[in-house]
Amino acid sequence: MTLSRMDADLLRAINMEDAVEAVKQDFFHAFATVLREDGIFCADAREHWHAWTRQLGNSLTEELELGGSESGRKEGERFASEYTTNA
């Protein structure tokens, strides 16, 4: 499942933050799965993600997270390719 920023804001406005968090959790699960598949030790995918996105603005970071598992997989692959290139 994915959410637009507007959908996420509407869900938050009607006290359905859990639905937004579920989509973000899907993102992090997919992100962590890619890292593990590529042999990158990943005790906490969120820490890797936050380090990776420090240069991005908060709105872009949340937009990627709201992309759910599909976005998490893509960002995990991007992170893994940069990680292995720079390691």
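Refer to the preceding data block for the structure.
All values reported here derive from a predicted model rather than from experimental measurement. (Residues numbered from 1 in each chain as written. Predicted model: local features only at pLDDT ≥ 70, side-chain atom pairs only at ≥ 80, totals over all residues. Heavy atoms only, no water.)

K.L.:
Would you explain the pattern of salt bridges in this entry?
P.N.:
Between side chains of opposite charge, a pair can form as their charged atoms come close. Inspection of the entire model under this criterion finds ten salt bridges. Where R12 meets D9, a salt bridge forms, and the shortest distance between an N and an O atom there is 3.3 Å. Here R12 pairs with D9, and both are found in helix α1 (residues 5-13), just three residues apart, close to one helical turn. A residue is classified by how much of its surface remains accessible, and D9, at 41% relative accessible area, is partly exposed. For E62, the salt bridge is made with R12, and the minimal N-O distance between the two is 2.3 Å. (Salt bridge = Lys/Arg side-chain N within 4 Å of Asp/Glu carboxyl O. Helix = DSSP H or I, 4+ residues; strand = E, 2+ residues; numbered from the N terminus. Buried < 20%, exposed > 50% of the residue type's maximum accessible area, 1.4 Å probe, protein only.)

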